[in-house]
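Each chain, written out:
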Amino acid sequence: MRLIARYAKELADTFEVITVYDEHTEYESIPKECPVISTLTKKHPAAIWFERKIHDDFGIAIKDAFDHRPLVHQEYFPKNIHPLRKDFTATHIEYGDYRPYKYEAISGDGVFQVAVGPIHAGIIEPGHFHFSQAGEEMLHLEVRHFYKHRGIEKMLEGKTLSEAKPIIERISANESIAYQLCYRDISLQASHQELPLALQKRGAFLLELERIIHHFTDLGFIPNDAGFGAALAFASKLSEDARRKMNEITGHRFGFGTINFKNSFIDTASMHEWLDTLERDLTSFEEWIIDIPSLWDRFDTTGQLSKQKAIKYSCVGVVARGSSLILDRRDNPFYLEHGYNMMRQESGDVAARFKVRLDEIKNSIKMMHNFLEEDETQMHLDNVQDGSYSSFAESSLGELFMAIDIKEGRIERFFVRDPSFMNWQALHIMMGSDIIADFPLINKSCDLSYAGNDL
């Protein structure tokens with residue numbers, strides 16, 4: 001049984017903790033006075049971030065947890081303030097007393113600590129990586145994030161779905177289409193309507209275009225972190241071509257505002273031609289990159305994640321499929337009818353994750369050909385009904401889960417679990433037999449989002 005998410009919400013007289021598995025969902029009601037839940041970490045290690053966040057957000061204590069440190073709250077965050085409680089209405093918080101954060105670290109003769117971030121060289125979002133080192137060998141890594149926390153969940157409370165959409169689609173720009181598809185599906189559930197096939201195809205086409213954009217970006221940056229900058233130049237050109245195609249179709253380079261309930265015209269003949277050209281360019285790139293032995297010396301056996309560990313840590317997306325897991329939200333009749341094939345590798349290393357992306361771009365191009373049709377179908381969305389709704393999408397990074405509670409036509413509780421929230425927690429496992437110079441390469445091979453993780 002795979003853990004998907006664990007989160008809390010406040011009801012009139014109690015808190016409710018929701019635990020989402022792949023097979024079912026569990027609901028636990030707990031009193032507001034001295035609220036406590038039991039940890040799931042003995043069976044599901046990835047539950048620890050969910051549980052630490054629940055404590056930060058609501059003040060719910062976690063019984064028998066191995067880690068009681070704050071997750072979202074930084075050192076100066078005031079004690080006993082839990083922003084997702086309904087009685088918290090402040091728009092500004094004063095600094096509290098400084099509370100040092102104690103990092104997990106290994107000690108001993110010749111062992112030292114290396115702190116990287118949260119501020120980094122280059123264009124990168126904030127995150128802290130704390131290494132325990134013996135020479136160049138990485139003994140342990142702790143990942144610490146939430147420097148980019150924007151309070152998205154609280155921000156969306158009280159808004160209508162239409163008011164929330166511009167925020168939701170900008171939570172993580174490299175997954176904007178996926179976030180919009182989750183929002184769209186929840187809107188349909190709340191209005192008790194079915195999506196016409198033509199609109200379903202358009203959404204799927206744009207999701208695959210988004211996947212291609214970011215897979216090409218990764219196919220450039222991964223070799224670049226191994227010292228082969230020519231691959232970055234080649235793949236960046238292909239990624240930019242796809243980004244411009246997104247802008248041509250949607251009016252925005254990231255596709256903001258494009259997933260709605262009407263089809264805009266696409267010149268299918270021109271698009272088929274562009275996809276054919278892209279496929280030829282991909283083939284040239286693959287034939288070139290595969291035949292560079294020194295590059296594969298860096299990729300092979302680096303950053304290995306076994307299938308057993310990937311299952312244990314509830315990994316998703318390319319990280320999971322690179323460790324041979326059968327896991328993809330596109331594995332359903334609609335996608336299968338349009339040419340979907342699951343791409344997996346066995347070795348669980350940087351090489352595996354690189355090859356999965358190569359194969360997925362080929363499959364995305366095939367499906368995009370099949371999704372294309374000149375159709376300008378539109379539908380009108382009826383009034384939404386109160387209730388609790390959830391949806392999934394397979395973003396370029398992996399399984400995205402979103403849940404929205406609607407009360408009196410407005411958002412009562414918004415929750416989203418980005419795929420990176422799961423995969424960041426498994427990153428430290430991949431470091432066991434590698435040196436610190438390999439960290440950027442391993443990290444990039446997982447393509448993890450800071451913004452989607454931090455909310």
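Residues numbered from 1 in each chain as written. Predicted model: local features only at pLDDT ≥ 70, side-chain atom pairs only at ≥ 80, totals over all residues. Heavy atoms only, no water.

S.K.: Explain the packing of helix 3 (residues 161-168) against helix 4 (residues 176-191) to me, and be specific about the residues and the numbers.
M.R.: Interaxial distance between helix 3 and helix 4 falls to 10 Å at its minimum, and their mutual angle equals 165°. As judged from the angle between their axes, helix 3 and helix 4 are roughly antiparallel. As helix 3 runs across helix 4, the sense of the crossing is right-handed. In contact with Leu161, Ser162, Lys165 and Ile168 of helix 3, helix 4 contributes Tyr179, Gln180, Tyr183 and Ser187. Across the contact of helix 3 with helix 4, the residue classes tally to four nonpolar, three polar and one charged. (Axes fitted to C-alpha atoms, helices over the stretch in contact; angles between N-to-C directions. Helix = DSSP H or I, 4+ residues; strand = E, 2+ residues; numbered from the N terminus. Parallel < 35°, antiparallel > 145°, perpendicular 65-115°, else oblique. Left-handed = near helix turned anticlockwise from the far one by under 90°. Contact = heavy atoms within 4.5 Å. Nonpolar A, V, L, I, M, F, W, Y, C, P; charged D, E, K, R; others polar.)

S.K.: Before we move on, can you summarise a nonpolar patch on the surface with the specific residues and values?
M.R.: A cluster of nonpolar residues, Tyr76, Tyr95 and Tyr98, forms a patch on the protein surface that exposes about 430 Å² of accessible area. Here Tyr98 lies in the loop between strand 5 (61-63) and strand 6 (111-116). (Patch = residues over 30% accessible without salt bridge, like charges linked within 9 Å, V, L, I, M, F, W, Y side chains within 5 Å. Areas by Shrake-Rupley, 256 points an atom, 1.4 Å probe, with all protein chains shown as cover. Salt bridge = Lys/Arg side-chain N within 4 Å of Asp/Glu carboxyl O.)

S.K.: Help me get a handle on the sheet that holds strand 1 (residues 3-10), residues and values and all.
M.R.: Read across the open sheet, the three strands follow the order 1-2-3; overall the sheet is antiparallel. Pairing within the sheet leaves two strands with one partner each, and these edge strands are strand 1 and strand 3 (25-31). Within this sheet the neighbouring strands show an average axis-to-axis angle of 15°, counted without direction. As defined by bridge partners, strand 2 (residues 14-21) adjoins strand 3 across seven bridges and the pair is classed as antiparallel. Along strand 3, the bridge assignment pairs Val17 with Glu28. Most of the contacts of helix 1 (residues 47-58) go to strand 1, to which it runs at about 10°, and overall it touches strand 1 and strand 2. (Pairing = 2+ DSSP bridges.)

S.K.: Would you mind going over the pattern of salt bridges in detail, with residue names and values included?
M.R.: Oppositely charged side chains may form a pair once their charged atoms are brought near each other. Using the criterion set out here, one finds 42 salt bridges in the structure. With its nearest N and O atoms 2.9 Å apart, the salt bridge here joins Glu240 to Arg253. In this pair, Glu240 sits in helix 6 (residues 229-250) while Arg253 sits in the loop between helix 6 and helix 7 (268-290), placing the two residues 13 residues apart along the sequence. Look at Glu240 and you get partly exposed, because its relative accessible area is 22%. One salt bridge in this structure joins Arg329 and Glu399, with 2.9 Å as the shortest N-O distance. Of the two residues, Arg329 sits in the loop between helix 10 (317-321) and helix 11 (333-337) while Glu399 sits in strand 10 (residues 399-407), which places them 70 residues apart along the sequence. Under the relative-accessibility criterion, Arg329 is labelled partly exposed at 31%. (Buried < 20%, exposed > 50% of the residue type's maximum accessible area, 1.4 Å probe, protein only.)

S.K.: Let's hear about the packing of aromatic side chains: which residues, and what values?
M.R.: Going through the model one piece at a time under the given rule, you end up with 26 aromatic pairs. Ring centres of Phe285 and Trp288 lie 6.1 Å apart, and the angle between their planes is 70°; this geometry places the pair in the edge-to-face category. A residue pair is termed a helical-turn pair when its members lie 3 or 4 positions apart in one helix, as Phe285 and Trp288 do in helix 7 at three residues. Judged by its relative accessible area of 0%, Phe285 is buried. (Phe/Tyr/Trp six-rings, centres within 6.5 Å; stacked < 30°, edge-to-face > 60°.)

S.K.: How would you explain the sheet that holds strand 7 (residues 128-134) if you had to name every residue and give the values?
M.R.: If you trace the three strands from one edge of the open sheet to the other, you get 6-7-8, paired in antiparallel fashion. Each end of this open sheet is capped by a strand with a single partner; those strands are strand 6 and strand 8 (137-144). Averaged over all adjacent pairs, the angle separating strand axes in this sheet is 20°, with direction ignored. One ladder, built from seven bridges, connects strand 7 with strand 8; its direction is antiparallel. Bridging across to strand 8, Ser132 finds its partner in His140.

S.K.: Give a description of helix 4 that names residues and reports values.
M.R.: Given 3.6 residues to a turn, an α-helix orients residues that are three or four positions apart in the same direction. In this model helix 4 runs 22 Å from its N-terminal to its C-terminal C-alpha over 16 residues, within 8% of the 22 Å that 1.5 Å per residue would give. Within helix 4, 14 of the 16 residues are buried, leaving the element largely enclosed by the surrounding structure. Phi turns positive one or two residues past the end of helix 4, at His192, with a value near 55°. (Expected span 1.5 Å × (residues − 1).)

S.K.: I'd like to hear about the nonpolar core, residue by residue, with values.
M.R.: Within the largest apolar cluster, 125 residues are counted, with the highest numbers of intra-cluster contacts made by Phe299, Phe414 and Leu427. The element that contributes the greatest number of residues to this core is helix 5 (residues 197-224), accounting for 10 residues. Once you skip the residues sitting within four places of it in the chain, Leu427 turns out to touch Phe129, Leu141, Val143, Phe439, Ile442, Asn443, Cys446 and Leu448. In terms of nonpolar packing, the next biggest core, distinct from the first, is built from five residues, Leu188, Leu195, Phe261 and Met379 among them. (Core = buried A, V, L, I, M, F, W, Y, C linked by side-chain atoms within 4.5 Å.)

S.K.: Go over helix 3 with me, naming the residues and quoting the values.
M.R.: All of the buried residues along helix 3 are Leu161, Ala164, Lys165 and Ile168. For helix 3, the arc enclosing every buried residue in end-on projection is 120°, short of the 170-degree limit, so these residues lie on one face. Where helix 3 is buried, its residues touch helix 2 (152-156), helix 4, strand 10 and strand 11 (410-417). (Arc of directions from axis to C-beta.)

S.K.: Give me the lowdown on the packing of helix 5 against helix 7, citing residues and values where you can.
M.R.: Look at helix 5 against helix 7: their axes get within 13 Å of each other, and the N-to-C directions meet at 25°. The pairing of helix 5 with helix 7 is recorded here as roughly parallel in orientation. For the pair helix 5 and helix 7, the sense of crossing is left-handed. Contacts between helix 5 and helix 7 involve Phe205, Leu209, Ile212, Phe216, Leu219 and Pro223 from the former and Met271, Trp274, Leu278, Leu282, Phe285 and Ile289 from the latter. When its residues are assigned to classes, the contact of helix 5 with helix 7 shows 12 nonpolar, no polar and no charged.

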